[in-house]
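# Architecture at a glance
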Amino acid sequence: MAIIRDATERDIASILVILNDAIETTTASWDHEKSTPERCTAWYEARRAKGFPVLVAEEEGNVIGFASFDIFRPFQGFLHTAEHSIYVARDARRQGAGRALIAELAARARALDMHVLVAGIEANNAASIALHQQAGFEAVGRLPQVGRKFNRWLDLVFMQKALG
Ligand SMILES: CC(C)(COP(=O)(O)OP(=O)(O)OC[C@H]1O[C@@H](n2cnc3c(N)ncnc32)[C@H](O)[C@@H]1OP(=O)(O)O)[C@@H](O)C(=O)NCCC(=O)NCCS
């Protein structure tokens with residue numbers, strides 16, 4: 001069973017490997033090009049500077065997943081709504097790390113006075129939709145063909161959970 005903890009700078013290399021594999025092989029990230037150590041470090045530092053968590057799932061000393069959130073949109077009216085991202089390494093999926101990361105993210109968001117947690121998910125990402133459904137998120141909207149990757153249009157499904 002993975003433990004969930006705050007990431008440190010030493011985890012950035014592992015986070016980058018997991019992220020770049022998802023960029024290259026999935027529509028979970030809508031980036032087309034792999035990230036770099038510099039960009040990943042800047043992302044990590046920006047999240048920490050805002051006081052938002054960057055969590056990792058660790059098993060037997062290896063980072064097998066990560067998750068984080070930021071304000072849903074950068075306007076003051078959204079200060080109580082967070083949008084998260086979550087990634088589990090390909091060979092570590094379906095072992096409960098995603099579920100554990102989301103549970104801790106929701107707890108952290110609640111502690112930071114977030115009211116709603118939002119997930120933006122590519123409509124064909126059945127694993128993520130099922131994970132979020134199981135974690136108590138409900139689908140609230142679909143934006144057809146707002147993304148493009150791998151030479152096809154992507155629909156974006158929004159799911160949200162009230163933290164109350
Ligand atoms: C989506 C993702 C984070 C799930 O993480 P995970 O560690 O594999 O998920 P868990 O093992 O905690 O699964 C929890 C529940 O989610 C659902 N689920 C997870 N993967 C699933 C799959 N491939 N098919 C159907 N349901 C799935 C199941 O209900 C599962 O519970 P169960 O195993 O008891 O049936 C992982 O597949 C991933 O990193 N995918 C690539 C990146 C991505 O899509 N990120 C989300 C972007 S919105």
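Refer to the structure printed above.
Residues numbered from 1 in each chain as written. Predicted model: local features only at pLDDT ≥ 70, side-chain atom pairs only at ≥ 80, totals over all residues. Heavy atoms only, no water.

### Notes on helix α3 (residues 97–111)
Its 15 residues give α3 an end-to-end C-alpha distance of 21 Å, which sits within 8% of 21 Å, the value for a rise of 1.5 Å per residue. The complete set of buried residues in α3 reads Ala97, Gly98, Ala100, Leu101, Ile102, Leu105, Ala106 and Ala109. Buried residues along α3 sit against β1 (3–6), β2 (54–59), β3 (62–71), β4 (81–88), β5 (116–122) and α4 (126–134). Looking at the residues trailing α3, positive phi occurs at Asp113, about 70°. (Helix = DSSP H or I, 4+ residues; strand = E, 2+ residues; numbered from the N terminus. Expected span 1.5 Å × (residues − 1). Buried < 20%, exposed > 50% of the residue type's maximum accessible area, 1.4 Å probe, protein only. Contact = heavy atoms within 4.5 Å.)

### Re the sheet that holds β4
Read across the open sheet, the seven strands follow the order β1-β2-β3-β4-β5-β7-β6; overall the sheet is mixed. Edge positions in the sheet fall to β1 and β6 (138–149), since each of these pairs with one other strand and no more. The average undirected angle you get between the axes of adjacent strands in this sheet is 25°. With four bridges connecting them, β1 and β2 associate as antiparallel partners. Along β2, the bridge assignment pairs Arg5 with Val56. Each of β2 and β3 touches helix α2 (residues 37–49); the most contacted strand, β3, lies at about 55° to it. Sheet strands in contact with α4 are β4, β5 and β7 (152–162), and its direction is about 160° off that of β5. (Pairing = 2+ DSSP bridges. Axes fitted to C-alpha atoms, helices over the stretch in contact; angles between N-to-C directions.)

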